[in-house]
Each structure stands twice: as structure tokens, then as C-alpha cells.
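# Reading the structure
Now for the letters of each chain:
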Amino acid sequence: MDSKRAWAIWGTGVFAYLVAVTQRTSFGVAGLEATNRFHASASALSAFTVIQLLVYAVLQVPVGVLVDRFGPRVMIAAGAAMMTIGQLQLAAATSVPAGVVGRVFVGAGDAMTFISVIRLIPAWFPARRVPLLTQLTGQLGQFGQLISIAPFAIVLHIWGWSPAFLGLAALGMLACVLASMLLRNAPEAAGPVVQPNMRETAADLARAWQQPGTQLGMWSHFATQFAGNVFVMTWGYPFLVSGQGLDPAEASVVLSLFVVVGIICGPLLGGWVGRHPLRRSTMVLAVTFTITAAWLAVILYPGQAPLWLLVLLVLALALGGPASMIGFDFARTFNPSHRIGTASGIVNVGGFFAALVTMYVVGLILDLLNNNGFSHGNLYSLDSFRIALSFQFIVLAVGAVAVIRVRGKVRRRMALAGETVPPLRQALADNRRRRAQYRAEVRAGRGAGQGPDQSGPGPERGRDSD
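Keep in mind that this is a model prediction, so the values were computed, not measured.

What follows deals with the side chain of Q244. For Q244, the location among the structural elements is in the loop between α12 (212–243) and α13 (248–275). Residue classification places Q244 among the buried residues on the basis of a relative accessible area of 4%. With sequence-adjacent residues up to four places away left out, Q244 is seen in contact with F239, V298, Q304, A305, L310 and L382.

A complete count under the given rule lists three salt bridges for this structure. The partner of R24 in a salt bridge is D110, with the nearest N and O atoms 2.6 Å apart. Of this pair, R24 sits in helix α1 (residues 4–25) while D110 sits in helix α5 (residues 96–111), and the two are 86 residues apart along the sequence. With relative accessibility at 4%, the residue R24 sits in the buried group. With its nearest N and O atoms 3.3 Å apart, the salt bridge here joins D383 to R386.

Let us now look at the confidence of the model for the protein chain. Any segment with low pLDDT has predicted coordinates that should not be analysed in fine detail. For the protein chain, per-residue confidence averages 80 on the pLDDT scale, and residues scoring 70 or more make up 81% of the total. Confidence, read as mean pLDDT per element, is least for helix α21 (residues 459–463) in the protein chain (41) and greatest for helix α14 (residues 280–300) (93). Low pLDDT (under 50) marks residues 447–465, which in the prediction has 60 contacts with non-local residues, meaning those over four places away or in another chain.

The N-to-C vectors of α14 and helix α15 (residues 307–324) enclose an angle of 155 degrees; their axes lie 9 Å apart at closest approach. Here α15 runs roughly antiparallel to α14, going by the angle between their axes. Between α14 and α15 lies a crossing of left-handed hand. Of the residues in α15, those in contact with V284, V287, T290, I291, A294, W295, A297 and V298 of α14 are L309, L310, L313, A316, L317, L319, G320 and A323. Of the residues in the contact of α14 with α15, the class split is 14 nonpolar, two polar and no charged.

Moving on, we get to a nonpolar patch on the surface. A cluster of nonpolar residues, M173, V177, M181 and L182, forms a patch on the protein surface that exposes about 370 Å² of accessible area. According to the relative accessible area criterion, M173 is partly exposed, its value standing at 41%.

Evaluation of the coordinates by the stated rule reveals 12 aromatic pairs. Consider the rings of F231 and W295, whose centres lie 6.0 Å apart with planes at 65 degrees: the pair is edge-to-face. Within this pair, whereas F231 is found in helix α12, its partner W295 is found in helix α14, the two being separated by 64 residues in sequence. Neither F231 nor W295 differs from the other in exposure class; each is buried. Within the aromatic cluster, the residues linked to one another by ring pairs are F231, F239, W295 and F385.

On to the environment of I263. In this fold, I263 is placed in helix α13. What I263 contacts, discounting residues up to four positions off in sequence, is Q139 and F143.

About the cut-offs
Residues numbered from 1 in each chain as written. Predicted model: local features only at pLDDT ≥ 70, side-chain atom pairs only at ≥ 80, totals over all residues. Heavy atoms only, no water. Helix = DSSP H or I, 4+ residues; strand = E, 2+ residues; numbered from the N terminus. Buried < 20%, exposed > 50% of the residue type's maximum accessible area, 1.4 Å probe, protein only. Contact = heavy atoms within 4.5 Å. Salt bridge = Lys/Arg side-chain N within 4 Å of Asp/Glu carboxyl O. pLDDT = per-residue confidence, 0-100. Axes fitted to C-alpha atoms, helices over the stretch in contact; angles between N-to-C directions. Parallel < 35°, antiparallel > 145°, perpendicular 65-115°, else oblique. Left-handed = near helix turned anticlockwise from the far one by under 90°. Nonpolar A, V, L, I, M, F, W, Y, C, P; charged D, E, K, R; others polar. Patch = residues over 30% accessible without salt bridge, like charges linked within 9 Å, V, L, I, M, F, W, Y side chains within 5 Å. Areas by Shrake-Rupley, 256 points an atom, 1.4 Å probe, with all protein chains shown as cover. Phe/Tyr/Trp six-rings, centres within 6.5 Å; stacked < 30°, edge-to-face > 60°.

Right, here's the structure in full:
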């Protein structure tokens, strides 16, 4: 099963996800141009991304169900086609309503992609590779942000709005063609997939949501992922340029660090989670607190923050991407294989719902402050950004509290089953004994991404892994 064909199929899926990320984040660097093209206020501008993410979040559970029912190939190809239609519409749009229609199509196509790609991994690779490949899928896909930050931004600034978005449409069409030609849902040896009827589908959805491990995954995704998305997709570039006084080239370089750090840290965090499966929620909380501390330092700094502090903020936000992938590991290990797509859809709602609420509220606050003299012209002042972006602390607190509460529910269930989570110091000592064996297996290519004490997906791992 772990063959050249499997790697080719995974690579095709990763490319489709990279294209989806490019389509998703392209509007983040087009914010100032969109303001001029559509004569839009901050709240109207944020509505583009908010509506896109609303569509994305609302479709996650239905898409998860459809992936389990029809397979990833159809969903990935259809998603790429819808994003192509959306970017063609946006290239021709000259008004806010017309532009929003385009972003709706982009959001719908984007919603079909990621959980379909990660649904391919357990079908084509052994269980020991799944955590690391899931992390790599998420982080390699983030190269799409580099495409939107650099090539797309260059085309946008030199040739204008329509050529830039027509280029994105062509990229989406390429992904659609490749997915249709190369992807297969599972090896032929796996046999035909039995499609559940509607009653069984509804029952699987209910069971996936009732599973505390799925809820823990959703809140983990909620707490760690939204702040980075808000920064990269909407308010980071205007904050760096208009609020912090960086020139556009400097802002693009700083934003590009978000992708680089995520790609570097993703596999490292995946390996750590594989070695310490009982501490996944601890890592989620640690990253959440790191993001909170970084934003506090930037917002409370008197005057414009120095470049090194802004870089540290981006580094902290970049950790949220890899950390949010832990939520999908919860979905995989707490649910049987036939409802992984459904559970992953539930998990993926968390971070994007938090992001869309935050984006909209930040834009609304900026408009209210603009009406009270906190802005100059079409640019928002540093003080207005400080006040508006402080809303994130409320969302971060909600996420952290929810993770702690649901983690307690998971651990109480474990205690009833006769299993307890040892103190962190003891767990680190126990894992130190296994580290040499783990590294030997990684070098041999047999244990990449998982410790020697790990087994495949299933309830037996779900019970003792939080």
C-alpha cells in the first residue's frame, strides 16, 4: 500500500490543497486594491472574507459526510472547479455584491478540499505514517500563501485586478484536471466501498459529535487556528502597512515567515505528538497561550512595535497552523475509519468559525472608530488597530477554557475505563526510555511520525490519547 502510486496520489492531493490555500488567502493581499475597486468600507471589505469563511464553515459537516459517502476524488475535483468559477466571477466584478458572489464560490470549493485530501491518507498509507503525513499535508499546502503573497501580489500590482484573478482561475482549473485524472479513493485491493444510507449517515454524524474526542478536536482547532487566519487572510497586511508603518515589501516578507515557520514546525510538532500522545491537548494550550502573549506584547508596546517584535508575533501565529492539525488527529483516533471524514468536518468548523466571527467584529470596530476620528483618510491608525484586534483575546480565552473543560470530560471517561493520564514529568521520563528505539525506527523508515508505542486508528487509541 505504501508505494510510489500512493505518494503520487498524495502529492496530487497536496497540490490541490495548495491551490485551495492560494485561492483562500489571495484576498488578504488585495485588501487595499479591493477598497479602491469596490469603494468599500472596512466592514464591507471584511464581509468578503467573512462570507467566504461562513460558507466554508457551514459546509464542513456536509462535505465530511459527502466525502465518507462518495470519496475524495469527486470532492477535490468539484472543489477546484467551483474555485475556478469563483475567481472568474471576481475577476469581472466591479461591485461589492458581485465580488461577494465570487468569494462564495471560492469558499464552497475550498470547503471541499482539505478534509478530502486528509481522507486519502489512511486509505493509501499505513497507520504509523498518518499523523506525520497529515501535518505535512497541512503545512505543504501553506505554500499557497507564498503564491498569494509574492507572485499573485506582483501580478496584481503590475497588471491589475482582472489579470491577477484570471491567473488564479487558471491555477484552479489545473488542479481540477489533475485531480480528475490522477486521484483514486483507495487501492483496488481494498475492494468496493459500501455507501451508507441516509439513516446510517445521520447516525454516524450524531455519534461523531457525541464523541468527546471529536469535541476536543474541534475546540483545539478553534483555539489555535483562527488568529493566524485572521492575520494572513484579512487584517495582517493592513495592520503592518497602515498601523505599524512597514512598506509593502517589508510586510510581504514578514507575512511570508508565517508560511516558512509553519512548514518547519509542522513535522517537528507531528513527531512530538507521536511520541507524547497523552499530551496533545497540552500542546494546544501551550500554543494558545503563546499566541496570546505575543499579541499582548505587540498591542501594549508604546508606539509602533520594532520589526523584531512583529517577527516574533508572526512566529507565534505560525505555530497555530501545525497545532490546529492536532484536532484532526483527535478525530482520527477517537472515531472509526468509516466516519473520519464526518468527524474531521466537525473539527474543521472550529477554527474557521472563530476566524470569521473575529474578522467581522474587527472590521466593525474599525468602522465605529473611524466614525469617531480614529482614522485618517482610508488608512486606520495604530490605536484603532490596537482596540479592534484586542477582540481576539476574548476568542482565545473561550477556546482555551473549552479545551480545558472538554479535556476533563475525556479524562473522566478514561478514568472510568481504568486509565489515567500520568503527570507530565513522569510521562517525559517514560518516553525518554523509548526515544532511542523511536529514532531508530524513524531512520529505518518504519516509524516516521509515531512513537513505538503507537497503534493504528481506532477506539483503543482514542481512549488513551488526549
